[in-house]
Amino acid sequence: MKKVEKAQKAKHVFGLEEKLLLGIVGVSVLMIIAAFSVRLLPTPTEQADAKLEEIANDYYLTYLYPRLMGASKDLEQAFKKYDKVGVPTVYLRQLLHYNDDQYAETAETFATVGCDTNQTGVRYYPKEPYGPHDYEVKYLWECNAKAE
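Source: prediction; values computed, not measured.

Procedures and definitions
Residues numbered from 1 in each chain as written. Predicted model: local features only at pLDDT ≥ 70, side-chain atom pairs only at ≥ 80, totals over all residues. Heavy atoms only, no water. Helix = DSSP H or I, 4+ residues; strand = E, 2+ residues; numbered from the N terminus. Buried < 20%, exposed > 50% of the residue type's maximum accessible area, 1.4 Å probe, protein only. Pairing = 2+ DSSP bridges. Contact = heavy atoms within 4.5 Å. Axes fitted to C-alpha atoms, helices over the stretch in contact; angles between N-to-C directions. Parallel < 35°, antiparallel > 145°, perpendicular 65-115°, else oblique. Left-handed = near helix turned anticlockwise from the far one by under 90°. Nonpolar A, V, L, I, M, F, W, Y, C, P; charged D, E, K, R; others polar. Salt bridge = Lys/Arg side-chain N within 4 Å of Asp/Glu carboxyl O.

A.B. asks: Is there a simple way to explain the environment of Q119 in this structure?
C.D. replies: Position of Q119 relative to the elements: it lies in the loop between α5 (107-112) and β2 (121-126). Classification of Q119 by relative accessible area gives partly exposed; the value is 44%. The spatial distance from the C-alpha of Q119 to the C-alpha of P88 is 13 Å, given a sequence separation of 31 residues.

A.B. asks: Sorry if this is basic, but what is going on with the sheet that holds strand β1 (residues 90-91) here?
C.D. replies: Paired through backbone hydrogen bonds, the strands of a sheet run either parallel or antiparallel to each other. On the basis of which strands lie adjacent, the open sheet formed by three strands has the order β1-β2-β3 and antiparallel pairing. One side of each edge strand has no neighbouring strand; the edge strands of this open sheet are β1 and β3 (135-140). With six bridges joining them, β2 and β3 adopt antiparallel strand pairing. Looking across to β3, one finds that V122 is bridged to Y139. Set on the sheet, helix α2 (residues 44-69) makes contact with β1, β2 and β3; between it and β2 the angle comes to about 50°.

A.B. asks: Help me out: how do you make sense of unusual backbone geometry in this one?
C.D. replies: Residues other than glycine predominantly adopt negative phi, and peptide bonds predominantly adopt the trans conformation. For the bond running from E128 to P129, omega is 10°, close enough to zero to count as cis. Position of P129 relative to the elements: it lies in the loop between β2 and β3. Phi is positive for D100, close to 55°, though the residue is something other than glycine. Its place among the elements puts D100 in helix α4 (residues 92-101). Of note, the phi angle at Y130 is positive, near 65°, even though the residue is not glycine.

A.B. asks: Would you mind showing me how to read the environment of Y65 here?
C.D. replies: Positionally, Y65 belongs in helix α2. Using a relative accessible area of 7% as the deciding quantity, one classes Y65 as buried. Measuring from C-alpha to C-alpha, the distance between Y65 and H133 comes to 9.3 Å, with 68 residues separating the pair along the chain. The residues contacting Y65, other than those within four sequence positions of it, are Y60, L75, F79, Y130, G131 and P132.

A.B. asks: How should I be thinking about the packing of α2 against α4 in this particular structure?
C.D. replies: If you want to describe how two helices pack, look at the angle between their axes and the distance between the axes. It is the contact of α2 with α4, at a shortest axis distance of 10 Å, that shows an interaxial angle of 60°. It follows from the interaxial angle that α2 and α4 lie oblique. Relative to α4, the crossing made by α2 is left-handed. For the pair α2 and α4, the contacting residues are L52, I55, D58, Y59, T62 and Y63 in the first and L92, L95, L96 and Y98 in the second. Tallied by class, the residues present in the contact of α2 with α4 amount to eight nonpolar, one polar and one charged.

A.B. asks: Help me out: how do you make sense of the pattern of salt bridges in this one?
C.D. replies: Here the idea is simple: oppositely charged side chains can pair when their charged atoms come close. Summed over the entire model, instances satisfying the criterion amount to three salt bridges. Note that K51 and E54 form a salt bridge whose closest N and O atoms lie 3.1 Å from each other. With a gap of three residues between them, K51 and E54 both fall in helix α2, about one helical turn apart. It is possible to trace a salt-bridge network through shared partners that takes in K80, D83 and E128.

Printed below as a string of structure tokens:
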């Protein structure tokens, strides 16, 4: 009988320098991943933009549009006068408290970027054919961290 000898592989033991190098590479990779992850998070300014857009759209669709239309069946008659000049400005303080303070808890989002709730607002411009989604919004920002 022949004895089959197994080839033994030499075991490589990591030395201090190699362990240190692997540690540095590992920490560097983690730092790069963390840096990219932080860039994906919205900034406070982006959060304020998104929140004001959400509130403004909800306000127009659920509150302002039905009131501007009133009992009129003629949409052009009800909205034509606002085409050029727009609906009077609705300020952030009004938006935060409309519909039984529905958005009052979001005031902190705007406080983070230093928005003045009495100066920051929106102006709506209804457009033909004057449906509930046929409008433009002009955002009026008065915030410390907000660039127009």
